[in-house]
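Below are the chains, spelled out letter by letter.
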Amino acid sequence: MAECHEADQKRWNNLRKVLERAGPFCHPEFEHDSDLLTFILTSCPILIIGAGGLGCELLKDLVLMGFQQIHIIDMDTIDLSNLNRQFLFRRKDIGCSKAEVAAAFINKRVTNCQIIPHFCKIQDKDESFYREFCMIVCGLDSIVARRWINGMLVSLLEYEDGVLKTTSIIPLVDGGTEGFKGNARVILPGMSACVECTLDLYPPQITYPLCTIANTPRLPEHCIEYAKVMLWPKENPFNVPLDGDDPQHTGWIYEKSLERALEFNIPGVTYRLVQGVIKNIIPAVASTNAVIAGICATEVFKIATNCYVPLKNYLVFNDVDGIYTYTYEAEKKENCLVCSQIPQTLTIPDPTKMKLKEIIALFTESSQYQMKSPGLTTMIDGKSKTLYMSAIKSIEERTRKNLNKTLVELDLRDGCEILVADATSPNTMVVRLNYLSADVEMK
Amino acid sequence: MASPPPKSPEQTEKSKKYDRQLRLWGDHGQVLLENAKVCLINATTLGAEILKSLILPGIGAFTIVDGETVTEEDTGSNFFLDYDSVGMPRARVATQSLLELNADVHGDYIDETPEHILSHTQNFFNKFNIVIGTSLPEKVLIPLSKHLWEANVPLIVCRSIGFLGYIRLQVKEHTVIEAHPDNENPDLRLINPWPELKVHLEKTDISKLDNKERSHVPALTILYYFIKKFQEHNNGALPRSRSDKDEIRKMIQESAVCDENGVQILEDNFQEAIHLVNIGINPQIIPTQLKKILEDDCCTHLTQDSSPFWIMCAGLRELVQAEESLPVRGTLPDMASDSGSYIALQQIYQKKALSQSEFVYRRVCQIVTDLGIQQDIISEQEVKLFCKHCSELYVMRGSCIADEYEKNSPDLSVYLEDPDSLMFSYVVLRGLERFLGEYNVYPGHLDDQVEPDVLKLKIITGKLLSEWRCTQILRDERVHEVCRYGGAELHSVSAVLGGIAAHEAIKLLTHQYKPLNNTFIYDAITSSSATYTL
Ligand SMILES: [Zn+2]
């Protein structure tokens with residue numbers, strides 16, 4: 001055992017140098033000694049969300065930066081198109097859980113480490129699970145999942161007499177890539193800008209107006225969208241919803257798109273483009289993932305050991321033209337939906353005209369909320385009343401008629417609270433209605 | 001239509017596996033990558049990370065040159081060397097585990113030091129498309145740099161130490177056709193349209209259209225109409241100044257008609273025309289950078305050894321001389337309009353682009369015949385791509401690293417004016433190289449040698465700066481910091497540098513995207529970086 005320990009010490013000689021020696025640029029609170037290495041090796045559990053391009057890199061990077069207690073969570077399985085960058089996977093692994101294969105690979109390759117996989121959605125885990133970690137690192141391509149975990153970490157914060165307890169903060173390090181561009185950020189929930197504070201950094205997805213698709217197509221994308229959103233539901237060729245991973249489905253869309261393109265003389269419909277449009281494919285290479293994951297892992301190391309001041313707080317990377325990095329401090333939004341603790345109010349100019357569906361449209365379309373399919377409930381005379389909910393079919397049918405009713409018709413009074421639940425957050429948001437024409441006669 | 005319905009093409013395994021990257025550099029970029037032979041000198045953590053990001057996207061083959069054996073420290077930072085391999089040749093172990101990443105890639109290794117190879121098999125490195133070296137001592141770097149400069153083989157030199165990193169590119173000449181610029185203005189030619197375009201655009205009189213017709217006209221046609229109107233009001237003068245442009249915007253704005261309710265609204269396509277004013281009215285000029293390329297000696301004095309790039313440049317030059325403008329790109333941005341009007345316009349642009357690239361291709365064929373070289377060296381498809389991207393053409397001429405070390409002192413004074421400049425890190429790294437050459441060990445390698453090594457390294461960097469005639473002083477902290485690292489290589493820092501260096505190699509191999517010119521410094525302490533041309 002002693003011999004093994006000594007050999008292990010030798011293995012980590014590189015880390016020991018930067019952890020056991022003082023340095024002129026170190027964090028003022030850096031305490032250089034051998035306990036630090038022991039701490040990250042044994043008592044600093046990290047959760048990695050996503051076992052894809054970034055996740056595989058993060059796992060390798062963190063393990064070799066001394067973090068031996070890592071959990072990794074991902075609901076996806078391995079696909080052939082992952083193999084150009086997700087380097088822990090082989091051809092024989094196609095169809096298996098990403099988290100499980102990645103964890104098994106690392107446990108085998110790197111002596112003494114304990115990677116625990118979770119083959120499930122992040123929403124399947126509750127507070128008690130997330131509370132166990134010193135830090136959470138995200139390598140996701142989904143904004144919804146990012147917002148969800150952000151909301152979860154904010155909900156774990158504890159306040160004492162209105163003062164944030166620093167022990168309740170679980171730092172979130174988040175990376176993202178697209179082609180040769182990427183970003184990395186450090187979030188200290190409750191203290192620095194959170195995902196929701198900077199929601200406008202995520203560009204809205206490109207959409208094409210329905211009338212262009214239906215009547216005046218000009219681009220190959222218009223032809224593909226036509227086949228996808230108009231022809232598929234109408235002709236329902238395989239009696240199932242469109243699945244971008246099914247080559248038969250993609251083939252059908254390709255053929256119909258090509259027919260449409262021929263009719264209008266539109267050049268440029270290719271099979272690759274069709275796949276890209278149907279699945280909303282984001283180009284990806286090994287190198288950018290390596291860069292962004294490396295930057296994130298370095299920040300995790302800084303935060304865990306206090307060796308240097310961590311990134312404040314957003315880094316942009318681009319190597320399309322030369323190599324470019326830029327860091328800046330994204331600002332906390334004073335009235336952030338998630339981390340500000342300021343109650344949200346919704347100002348309604350005229351509740352006799354404003355319909356429920358317009359409020360829902362506001363939640364889904366405005367850059368401030370960007371919700372997916374919010375469910376709305378309220379309390380009327382001490383009883384809970386569902387205003388609208390699309391997630392459950394029977395409730396949707398029952399509440400659909402409310403959409404066209406005005407707020408007054410729904411008995412919603414000035415100052416009443418609406419509870420909004422959405423996939424983008426683990427928590428329910430409370431919105432208080434504020435009527436500008438306050439003395440509206442209620443029916 | 002009687003033609004049979006289209007059938008979807010059969011996708012190959014490869015195109016499925018590489019799908020996400022083919023969207024970035026295309027099948028033609030992938031072919032270049034798959035034909036590439038890469039040499040890595042020293043399978044350090046950084047070296048292995050670079051190769052990883054080249055093997056995954058599928059280079060043809062790699063060779064690792066490394067005379068070291070695996071140490072315990074290696075297994076703590078290099079993912080491709082596991083604990084059981086301590087004591088074995090590093091070249092062999094790294095090659096074996098890297099090969100697992102991609103069955104399409106070939107790999108071998110030479111278990112010898114680079115010094116040994118340089119002194120025994122001079123031309124060994126010539127057969128590679130690129131050589132990458134990590135942790136090279138000066139005594140290897142200088143002869144290697146000279147040799148590869150002469151052999152015209154690109155060299156990438158990298159180092160990762162503690163929280164500091166360095167990447168340097170040495171390439172004699174590198175040419176890029178597809179630079180993939182982030183923002184590119186559309187190529188419209190509304191000032192000085194060619195005859196077919198002019199005839200087409202003049203067919204539409206905006207003032208005579210009813211409301212329905214108005215809403216279907218492409219913005220391009222609208223803008224052209226108002227440029228003409230402007231000229232009528234201004235004795236035929238072309239709009240040039242900002243106020244001219246404002247006047248055109250105003251004219252478009254005021255052309256708004258009333259809808260059925262009597263409300264004046266400006267349709268989407270008219271709004272688009274207003275947005276197009278800025279770029280649509282600028283006369284098409286030949287970018288200075290491109291003019292330089294077309295006047296370059298390599299373009300005007302072709303030889304049998306000229307590369308396809310320069311032969312195509314010579315062909316393009318003839319077109320530019322004949323037409324006094326660049327070939328039309330042939331693509332249009334999307335514009336609100338009915339399908340027919342848009343497609344008709346698009347076809348006019350495409351047809352022009354095609355006829356111009358045919359002209360260039362004929363000239364290229366003639367040049368190739370005159371030079372007496374193989375006819376099929378350049379395909380019509382290549383010329384088409386070349387013409388389409390002619391405004392992005394890029395030529396980079398680098399410098400020889402050995403020259404900088406031996407002959408020309410770099411002029412760093414300008415950079416060193418700023419006390420926070422990352423150029424100071426370059427000075428420290430050069431000092432570190434010299435320290436390694438003199439003492440054969442990293443400064444601060446042993447715990448009790450940190451302080452004495454700080455003094456030694458300070459003397460070395462002080463000498464370097466005075467050799468370069470720099471009056472600035474390197475702060476002691478910077479020297480101390482690098483001695484604190486004691487030669488430690490940290491995995492996450494090497495992972496960042498590995499990804500970046502691999503992508504620079506991919507740029508050089510595919511001739512797409514503009515590479516680093518020529519020195520990159522990464523400071524992981526502050527998460528910042530800088531590039532310098534040395
Ligand atoms: Zn926030």
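Residues numbered from 1 in each chain as written. Chains lettered and ligands numbered in written order. Predicted model: local features only at pLDDT ≥ 70, side-chain atom pairs only at ≥ 80, totals over all residues. Heavy atoms only, no water.

**Describing the overall build of chain B**
The helix and strand tally for chain B stands at 23 helices and 12 strands. Expressed as lengths along the three principal axes of its C-alpha atoms, the size of chain B is roughly 90 × 55 × 50 Å. Contacts spanning at least 24 positions in sequence make up 70% of the contacts within chain B whose residues lie at least 6 apart. In the structure as shown, chain B presents an accessible area of about 22,700 Å², 49% of it carried by carbon and sulfur atoms. Positive and negative side-chain charges of chain B, numbering 52 and 76 respectively, have mean locations separated by a distance of 5 Å. (Helix = DSSP H or I, 4+ residues; strand = E, 2+ residues; numbered from the N terminus. Contact = heavy atoms within 4.5 Å. Areas by Shrake-Rupley, 256 points an atom, 1.4 Å probe, with all protein chains shown as cover. Lys, Arg positive; Asp, Glu negative; His and termini not counted. Charge placed at Lys NZ, Arg CZ, Asp CG, Glu CD.)

**Digging into the interface of chain A and chain B**
If you look at the interface, chain A gives 90 residues, while chain B gives 92 residues. Between chain A and chain B the total buried area reaches about 7,600 Å² when both faces are included, carbon and sulfur atoms providing 58% of it. One can count 10 salt bridges joining chain A with chain B. Here lysine 60 of chain A makes a salt bridge to glutamate 49 of chain B, at a shortest N to O gap of 2.7 Å. At the boundary of chain A with chain B, the tally comes to 36 residue pairs in polar contact (both at pLDDT 80 or more). Top element by residues in the side of chain A that touches chain B is helix α12 (residues 286-305) of chain A. It accounts for 11 residues. Here the side of chain A that touches chain B is built from residues that sort into 47 nonpolar, 21 polar and 22 charged. (Buried area = accessible area lost by both parts, 1.4 Å probe. Salt bridge = Lys/Arg side-chain N within 4 Å of Asp/Glu carboxyl O. Polar contact = N/O pair within 3.5 Å; in protein donor to acceptor, adjacent residues only side chain to side chain. Nonpolar A, V, L, I, M, F, W, Y, C, P; charged D, E, K, R; others polar.)

**Comments concerning the pairing of strand β9 (residues 314-318) of chain A**
Residues and elements named next belong to chain A. Most of β9 is tucked away: 4 of the 5 residues are buried. Looking at chain direction, strand β8 (residues 181-187) and β9 are connected through 5 bridges and run antiparallel. Note that in β9 the partner of glycine 182 across the bridge is phenylalanine 317. Counted between consecutive antiparallel strands, the loop separating β9 from strand β10 (residues 324-328) contains 5 residues, among which glycine 322 sits at a positive phi close to 65°. (Buried < 20%, exposed > 50% of the residue type's maximum accessible area, 1.4 Å probe, protein only. Pairing = 2+ DSSP bridges.)

**A word on the coordination of the zinc ion**
All names here are of chain A. The protein atoms that coordinate the zinc ion are Cys194 (SG), Cys197 (SG), Cys336 (SG) and Cys339 (SG), at distances spanning 2.2 to 2.3 Å. For the zinc ion, the 4 donor atoms in the first shell make angles of 101 to 117° at the metal, so the coordination geometry reads as tetrahedral. Mapped onto the sequence, the residues coordinating the zinc ion show the spacing C-x2-C-x138-C-x2-C. On the basis of relative accessible area, cysteine 194 is assigned to the buried category, the value being 0%. Cysteine 197 gets classed as buried once you look at its relative accessible area, which sits at 8%. (Donors = N, O, S within 2.8 Å, 3.2 Å for Na, K, Ca; no water. Tetrahedral: all angles 85-135°; square planar, octahedral: opposite > 155°, others 65-115°.)

**Observations concerning the UniProt feature "active site" (unreviewed entry) in chain A**
Under the local residue numbering, the UniProt record ascribes the feature "active site" (unreviewed entry) to Cys211 of chain A. Mapped onto the fold, cysteine 211 of chain A is located in helix α8 (residues 210-214). (UniProt positions renumbered as here; feature names shortened; annotations may be inferred.)

**Considering the UniProt feature "domain: E2 binding" (unreviewed entry) in chain A**
Annotation from UniProt places "domain: E2 binding" (unreviewed entry) at residues 348-436 of chain A. A distance of 6 Å separates the end C-alpha atoms of residues 348-436 of chain A, which is 19% helix and 28% strand.

**Some words on the sheet that holds strand β12 (residues 528-532) of chain B**
All names here are of chain B. Here 8 strands make up an open sheet; going across it, the order is β3-β2-β1-β4-β5-β6-β11-β12 and the pairing mixed. Here the strands that pair on one side only, and so sit at the sheet edges, are β3 (106-110) and β12. Between one strand axis and the next, the sheet turns through 15° on average, direction left out of account. Of the strand pairs in this sheet, strand β6 (residues 164-170) and strand β11 (residues 519-523) are connected by 5 bridges, and their pairing is antiparallel. What sits directly across from isoleucine 167, in β11, is phenylalanine 520. This element, helix α7 (residues 138-151), spans β1 (37-41), β4 (130-134), β5 (155-161) and β6 of the sheet and lies at about 155° to β5. (Axes fitted to C-alpha atoms, helices over the stretch in contact; angles between N-to-C directions.)

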